[in-house]
Amino acid sequence: QVQLEESGGGSVQAGGSLRLSCARSGYTYATNCMAWFRQAPGKEREGVAAIHTDGGATYYADSVKGRFTISQDSANKTVYLQMDSLKPEDTAMYYCAADSDGSCYPPLALSGGLLDVWGQGTLVTVSS
């Protein structure tokens, strides 16, 4: 019954910024990873950023490194994705994901493995 709910998507001009939020609710034995993924029409799902919930180590896809920042508010079970210098190719549905039992190995989180809880997605559109 664990749920993730994303918010903060929208439409922005290239070069602009957005801040996505993912709120986790319900019971989990442990959550070791929270991560952001994105998928554009006709393209494969891409891992964007991940964070180790116990320690705060972060991991990024090369395509967003230096532009996106993942962070968390552990007390409120919320993870954020600050997106700066947005490009049209960043346009996609963005999904939040997490593990529910502490099984996720943070360095591999961007592969999607062992992430068994997913949000419904929030749409980000970047115009040129």
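My aim in this report is to walk through the structure given alongside it, one point at a time. (Residues numbered from 1 in each chain as written. Predicted model: local features only at pLDDT ≥ 70, side-chain atom pairs only at ≥ 80, totals over all residues. Heavy atoms only, no water.)

### Thoughts on unusual backbone geometry
Then, number 1: Positive phi values are uncommon outside glycine, yet Lys77 reaches one of about 55°.
Then, number 2: The topology assignment puts Lys77 in the loop between β7 (68-73) and β8 (78-83).
Then, number 3: Backbone geometry places Ser85, a non-glycine residue, at a positive phi of 50°.
Then, number 4: Along the chain, Ser85 falls in the loop between β8 and β9 (92-98). (Helix = DSSP H or I, 4+ residues; strand = E, 2+ residues; numbered from the N terminus.)

### Observations concerning the pattern of salt bridges
Then, number 1: Counted by the stated rule, this structure contains four salt bridges.
Then, number 2: Asp62 is paired through a salt bridge with Lys65; the nearest N and O atoms lie 3.3 Å apart.
Then, number 3: Three or more residues joined by partner-sharing salt bridges are found here, namely Arg38, Glu46, Arg67 and Asp90. (Salt bridge = Lys/Arg side-chain N within 4 Å of Asp/Glu carboxyl O.)

### Examining the nonpolar core
A general tendency of soluble globular proteins is for nonpolar side chains to be buried together.
Then, number 1: Counting 27 residues, the largest nonpolar core has Trp36, Leu81, Met83 and Tyr94 as the members making the most contacts within it.
Then, number 2: Every element with two or more residues in this core is listed here: β3 (18-25), β4 (33-39), β5 (46-52), β7, β8, β9 and β11 (122-127).
Then, number 3: When residues of this core are assigned to their parent elements, the largest contribution, four residues, is made by β9.
Then, number 4: Counting residues in hydrophobic clusters, the runner-up holds eight residues, among them Cys33, Ala35, Ala50 and Ala97. (Core = buried A, V, L, I, M, F, W, Y, C linked by side-chain atoms within 4.5 Å. Buried < 20%, exposed > 50% of the residue type's maximum accessible area, 1.4 Å probe, protein only.)

### So, the packing of aromatic side chains
Then, number 1: Summed over the entire model, instances satisfying the criterion amount to one aromatic pair.
Then, number 2: Centre to centre, the rings of Phe37 and Trp118 are 4.9 Å apart; their planes meet at 50°, and the pair counts as tilted. Of this pair, Phe37 sits in strand β4 while Trp118 sits in strand β10 (residues 117-118); the two residues are 81 residues apart in sequence, bridging distant segments of the chain.
Then, number 3: Looking at Phe37, the relative accessible area reads 1%, which means it is buried.
Then, number 4: We classify Trp118 as partly exposed; its relative accessible area is 29%. (Phe/Tyr/Trp six-rings, centres within 6.5 Å; stacked < 30°, edge-to-face > 60°.)

### Some remarks on the sheet that holds strand β1 (residues 3-7)
Then, number 1: Across the sheet, which stays open at both edges, the four strands sit in the order β1-β3-β8-β7 with antiparallel pairing between neighbours. In the strand order of this sheet, the two ends are held by β1 and β7, each with one partner. Ignoring which end each strand starts from, the neighbouring axes of this sheet average 15° apart. (Pairing = 2+ DSSP bridges. Axes fitted to C-alpha atoms, helices over the stretch in contact; angles between N-to-C directions.)

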